[in-house]
Amino acid sequence: MTSHPDLSLPDMQGALRERGYVASGPLSTALTLLTALGRPLLLEGPAGVGKTEAAKTLSQALGTRLIRLQCYEGLDAQSALYEWNYPRQLLSLRQSELRGTGHPETDLYGPEFLLRRPLLEAISQPVAPVLLIDEVDRADDAFEAFLLELLAEWQITIPEVGTVHAVTRPHVILTSNRARELSDALRRRCLYLWVDYPGSEEELQIIRSRLPQVSETLARQVGAAVTYLRGLPLSKAPGVAETLDWAEALTLLHQDALTPQVVQDTLGCVLKLREDQQLVGLNVQALVGAAMRGM
């Protein structure tokens, strides 16, 4: 079983920075250890802090493929592994009948009829991909138990085919928004990092990196305003993606400063619930004041 060449910590930090991803020291270190040790990495934290983006950027830094499994309630092992292309099997069987030739049942379970889903696809790659198991906390305990076996053995059994061993060991990143508690067994098998919202200076670096066209003044105001918003008792605090959306929208609207009216007009870029917008409407002067102090 082969893997992708590792990056040193300075190389990892440089590769992430070159691709516009502002990673903290602990996150850069965790991604470096993920590739060096071959251990899965569990990134846990609020939605919108860049956990999924970290996996995407890592695949770019390694020059390898990103394979993503989006977890959801009711996800079962087979849906994540493989399925048979039943329409194609039936068509092949029908063609054999029309030609009057036999079609042994085993012929219907060849590789041409196998549809690889993310987990089987990930262990079938000649070059180790980044396997992103996104929002694993949305799946149930049974699927989590299945993952433990796969991550330990790096093989799966297809009843009609037999055991399929991994060609390469993927670089595995699991993310969790903590919708439910994950088992101790899964946590023990992973490296772990809690990823929190960035501070105002780190958020400013992110805006500068991703949106160089945004003015320094506006970037600082938006960063400070979003930090203030996250301190309010909102139902859904804004993530980094909302910060970038807001800064870009303000620039497109040729707004170079946050005023109460500008905030009210563009709040839909950063807050996606009516109740949260109403709460901010009651605190809009304080929000603008926080933005001004951030300059």
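Our structure is the block above this text.
These numbers were taken from a predicted model, which means no experiment stands behind them.

Asker: Residues and numbers for the environment of Asp-11, please.
Answerer: Tracing the backbone shows Asp-11 in helix 1 (residues 9–18). Exposure remark for Asp-11: the relative accessible area of 45% places this residue in the partly exposed category. For the pair formed by Asp-11 and Ala-61, sequence separation is 50 residues and the distance between their alpha carbons is 9.3 Å.

Asker: Outline the pairing of strand 5 (residues 130–134), listing residues and values.
Answerer: Most of strand 5 is tucked away, with five of its five residues classed as buried. Because side chains alternate across strand 5, one face comprises the buried residues Val-130, Leu-132 and Asp-134, and the other comprises Leu-131 and Ile-133, equally buried. Alignment of strand 2 (residues 66–70) against strand 5, held across five bridges, turns out to be parallel. Paired with Ile-67 across the strands is Leu-131, a residue of strand 5. Pairing of strand 5 with strand 8 (residues 171–176) involves four bridges; the strand directions are parallel. In the sheet register, Leu-131 faces strand 8, and the bridge partner there is Val-172.

Asker: Describe the pattern of salt bridges, listing the residues and the values that go with them.
Answerer: Note that side chains of opposite charge can pair when their charged atoms are close. A full pass over the atoms with the stated rule returns 16 salt bridges. The partner of Arg-180 in a salt bridge is Asp-141, with the nearest N and O atoms 3.2 Å apart. Of this pair, Arg-180 sits in the loop between strand 8 and helix 8 (184–188) while Asp-141 sits in helix 7 (residues 141–153); the two residues are 39 residues apart in sequence, bridging distant segments of the chain. Among the residues examined, Asp-141 registers a relative accessible area of 54% and is labelled exposed. As a salt-bridge pair, Glu-144 and Arg-180 come within 2.8 Å of each other at their nearest N and O atoms. Here Glu-144 is found in helix 7, whereas its partner Arg-180 is found in the loop between strand 8 and helix 8, with 36 residues between them in sequence. What you see here is one network of salt bridges that share partners, running through Glu-44, Arg-178, Glu-181 and Arg-187.

The rules we used
- Position numbers for residues start from 1 in each chain and track the written sequence from start to end.
- Under the rules for a predicted model, residues below a pLDDT of 70 receive no local features and side-chain atom pairs below 80 are neither given nor counted, while totals for whole chains, interfaces and linings still include all residues.
- To get the side-chain values, all heavy atoms of the structure are used, and hydrogens and water are removed first.
- Where helices and strands are cited, they refer to DSSP runs of H or I of at least four residues and of E of at least two residues respectively, numbered from the N terminus.
- A 1.4 Å probe rolled over the protein chains alone gives each residue an accessible area, and that area as a share of the maximum for its type sets the label: buried under 20%, exposed over 50%, partly exposed in between.
- Paired strands, as defined in this entry, are two strands with at least two bridges between them according to DSSP.
- In what follows, salt bridge is the name for a side-chain nitrogen of Lys or Arg lying within 4 Å of a carboxyl oxygen of Asp or Glu.

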